[in-house]
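A look at the structure
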Amino acid sequence: MRILGIDPGYGILGWSVVEDTLKLVDFGVIETSARSALPERLCEIYEGMKKIIEHYRPGSAAIEKLYFSRNTTTALDVARCLGVVILALKQSEIEYSEYSPSQVKLAVSGYGKAGKGQMQTAVKMLFGISDVPRPDDAADAAAVAACHCLSLPSARMRKSGF
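All of these numbers come straight from a predicted model, not from anything done at the bench.

1. Considering the sheet that holds strand 1 (residues 2-7)
Within the open sheet, the five strands sit side by side as 3-2-1-4-5. Their pairing is mixed. The strands lining the two open edges of the sheet, one partner per strand, are strand 3 (23-31) and strand 5 (95-99). Adjacent strand axes in the sheet meet at a mean angle of 20 degrees when their direction is disregarded. Direction of pairing for strand 4 (residues 60-64) relative to strand 5: parallel, over a ladder of five bridges. Note on strand 5: the bridge partner recorded for Ala62 is Ser97.

In structure tokens, the structure reads:
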């Protein structure tokens with residue numbers, strides 16, 4: 001089964017497609033111009049998500065939960081972005097799960113407060129790749145997808161040797 005990992009953002013949205021066997025299929029970003037109004041940016045994100053879904057046909061999706069402690073304006077705009085992502089998923093009948101940043105860090109690196117460098121090393125090791133996906137938003141999306149894979153019952157059984 002393919003899992004679509006999503007690191008939400010309205011300037012740069014990271015995405016990855018991962019097999020439930022922890023094979024990284026593809027990754028990238030949807031970028032929108034800061035010169036465009038938010039409604040146009042949201043449309044670009046929605047159209048980009050639909051193309052990714054149609055091309056890779058994931059069976060489920062994993063989204064990093066929003067966490068903001070300071071800028072509520074940015075948080076609201078990212079939440080709007082998340083709304084169009086969820087709309088694209090639901091229209092395609094794809095179920096999704098959300099994971100907090102600390103859940104992703106714990107699942108992928110073994111430490112819930114891992115730094116960016118630790119996470120990038122863990123992503124490389126987990127997927128058996130030589131280079132970290134770039135830009136960072138794509139690597140973050142791969143980590144979210146990996147977190148979802150590792151939370152699946154069959155993944156836990158494979159990891160423990162059953």
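And the narrative resumes.
2. A look at the confidence of the model for the chain
Segments scoring low in pLDDT should not have their predicted coordinates read at a detailed level. With 93% of its residues at a pLDDT of at least 70, the chain reaches an overall mean of 92. Segment residues 155-162 is flagged for pLDDT under 50; beyond a separation of four residues in sequence, or across chains, it makes eight contacts in the model.

3. Let's talk about the side chain of Asp7
On the secondary structure map, Asp7 appears in strand 1. Once you skip the residues sitting within four places of it in the chain, Asp7 turns out to touch Ile12, Leu13, Gly14, Glu64, Asp137, Asp140 and Ala141.

4. A few points about the pairing of strand 1
Of all the six residues making up strand 1, five are buried; the element is thus mostly covered by neighbouring parts of the structure. Bridge analysis of strand 1 against strand 2 (residues 12-19) gives six bridges, and the strand direction is antiparallel. In the strand pairing of strand 2, Ile6 is matched with Trp15. The hairpin turn running from strand 1 into strand 2, its antiparallel successor, is four residues long. Note that strand 1 and strand 4 share four bridges and pair parallel. Paired with Gly5 across the bridge in strand 4 is Ala62.

5. Brief notes about the nonpolar core
One recurring pattern in soluble globular proteins is that nonpolar side chains are buried together. Leu4, Leu13, Ile45, Met49, Val85 and Leu89 are the most contacted members of the largest nonpolar core, which has 26 residues in total. For this core, the secondary-structure elements that each account for two or more residues are strand 1, strand 2, helix 1 (38-56), strand 4 and helix 2 (72-91). With sequence-adjacent residues up to four places away left out, Leu4 is seen in contact with Trp15, Ser16, Val17, Met49, Ile52, Ile53, Pro58, Ser60, Ala61, Ala62 and Leu89.

6. Let's talk about the packing of aromatic side chains
Note on aromatic pairs: each is described by the distance of the centres and the angle between the planes. Per the stated rule, a full pass over the model turns up one aromatic pair. Centre to centre, the rings of Trp15 and Tyr56 are 5.8 Å apart; their planes meet at 45 degrees, and the pair counts as tilted. Taken together, the positions of Trp15 in strand 2 and Tyr56 in helix 1 put the pair 41 residues apart, joining distant regions of the chain.

7. Structural notes on empty space enclosed by the protein
Per the stated rule, a full pass over the model turns up one cavity of 30 Å³ or more. The calculated volume of the largest cavity comes to roughly 40 Å³. Mapped onto the lining of the largest cavity, the elements with two or more residues apiece are helix 4 (116-127) and helix 5 (136-151). Broken down by element, the lining of the largest cavity gets its largest block of residues, four residues, from helix 4.

Reading the values: rules and limits
Residues numbered from 1 in each chain as written. Predicted model: local features only at pLDDT ≥ 70, side-chain atom pairs only at ≥ 80, totals over all residues. Heavy atoms only, no water. Pairing = 2+ DSSP bridges. Helix = DSSP H or I, 4+ residues; strand = E, 2+ residues; numbered from the N terminus. Axes fitted to C-alpha atoms, helices over the stretch in contact; angles between N-to-C directions. pLDDT = per-residue confidence, 0-100. Contact = heavy atoms within 4.5 Å. Buried < 20%, exposed > 50% of the residue type's maximum accessible area, 1.4 Å probe, protein only. Core = buried A, V, L, I, M, F, W, Y, C linked by side-chain atoms within 4.5 Å. Phe/Tyr/Trp six-rings, centres within 6.5 Å; stacked < 30°, edge-to-face > 60°. 1 Å grid on protein atoms, 1.4 Å probe; cavity = no way out; pocket = protein on both sides within 12 Å on 5 of 7 lines; lining within 4 Å. Points joined across faces, edges and corners; volume = space filled by probe spheres on them.

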